[in-house]
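In case you want the letters, here they are:
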Amino acid sequence: MSNKSYKTKSRDGFNKERNIKKSRKVHECCHCHKTIPTKTSYVRTVGVCESMRHNGNDFFSNAWHPACLADHQGYVADSLRRQG
């Protein structure tokens, strides 16, 4: 495991995906809201996004089933394609 630091200006957003080989505890997938059991693989996304609640950015950390994340990324890519 590497301890990389991702520096960003407070007005900029960023995100990072990290594949977890084996979970140590039960998590909930943020897409389908089903549980991710212990000792199974999942994807952790962390980052900073613009906040609509206040003038600043919010930190997020989400657990995903790999299939749910792929489905969401396909949805986002399709939406961006439709916007032009």
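About the thresholds
- Residues numbered from 1 in each chain as written.
- Predicted model: local features only at pLDDT ≥ 70, side-chain atom pairs only at ≥ 80, totals over all residues.
- Heavy atoms only, no water.
- Core = buried A, V, L, I, M, F, W, Y, C linked by side-chain atoms within 4.5 Å.
- Buried < 20%, exposed > 50% of the residue type's maximum accessible area, 1.4 Å probe, protein only.
- Helix = DSSP H or I, 4+ residues; strand = E, 2+ residues; numbered from the N terminus.
- Contact = heavy atoms within 4.5 Å.
- Lys, Arg positive; Asp, Glu negative; His and termini not counted.
- Salt bridge = Lys/Arg side-chain N within 4 Å of Asp/Glu carboxyl O.
- Polar contact = N/O pair within 3.5 Å; in protein donor to acceptor, adjacent residues only side chain to side chain.

Student: Can you help me understand the nonpolar core in this one?
Tutor: In a soluble, globular protein the nonpolar side chains are often hidden away together inside. Judged by nonpolar contacts, Ile 20, Cys 29, Ile 36, Tyr 42, Val 43, Ala 63, Trp 64, Cys 68 and Leu 69 together constitute the single largest core of nine residues. For this core, the secondary structure elements donating two or more residues are strand 4 (42–50), strand 5 (57–64) and helix 1 (66–83). If near-sequence neighbours (up to four positions away) are discounted, Cys 29 is found in contact with Lys 34, Ile 36, Ala 63, Trp 64, His 65 and Cys 68.

Student: Whenever I open this one, the side chain of Arg 44 confuses me. Can you help?
Tutor: Mapping Arg 44 onto the fold places it in strand 4. For Arg 44, which is buried and forms no salt bridge, the nearest opposite charge comes from Glu 28, at a distance of 11 Å. A distance of 3.5 Å separates polar atoms of two side chains, one belonging to Arg 44 and the other to His 27. A polar contact of 3.2 Å, which involves the side chain of Arg 44, links it to the side chain of Ser 61. The residues touching Arg 44, leaving out its near neighbours within four places in the chain, are Lys 16, Glu 17, Arg 18, Ile 20, His 27, Ser 61, Asn 62 and Ala 63.

Student: Looking at this structure, I do not really get unusual backbone geometry. What am I missing?
Tutor: The backbone phi angle of His 33 is positive, close to 65 degrees, even though this residue is not glycine. Examined against the element boundaries, His 33 turns out to sit in the loop between strand 2 (27–28) and strand 3 (35–36). Despite not being glycine, Lys 39 has its phi angle at roughly 65 degrees, a positive value. Along the chain, the position of Lys 39 falls in the loop between strand 3 and strand 4.

Student: Explain the pattern of salt bridges to me, please; I cannot follow it from the model alone.
Tutor: Side-chain pairs of opposite charge can arise where the charged atoms are in close proximity. Summed over the entire model, instances satisfying the criterion amount to two salt bridges. The shortest N-O distance in the salt bridge between Arg 81 and Asp 78 comes to 3.4 Å. Residue Arg 81 and its partner Asp 78 are both found in helix 1; the two are separated by three residues, about one turn of the helix. Judged by relative accessible area, Arg 81 falls into the exposed class, the value being 59%. On the basis of relative accessibility, which here comes to 27%, the residue Asp 78 falls in the partly exposed class. For Asp 78, the salt bridge is made with Arg 82, and the minimal N-O distance between the two is 3.0 Å. With Asp 78 and Arg 82 both in helix 1, this residue pair falls four residues apart, about one helical turn. Sharing partners across several salt bridges, the network here consists of Asp 78, Arg 81 and Arg 82.

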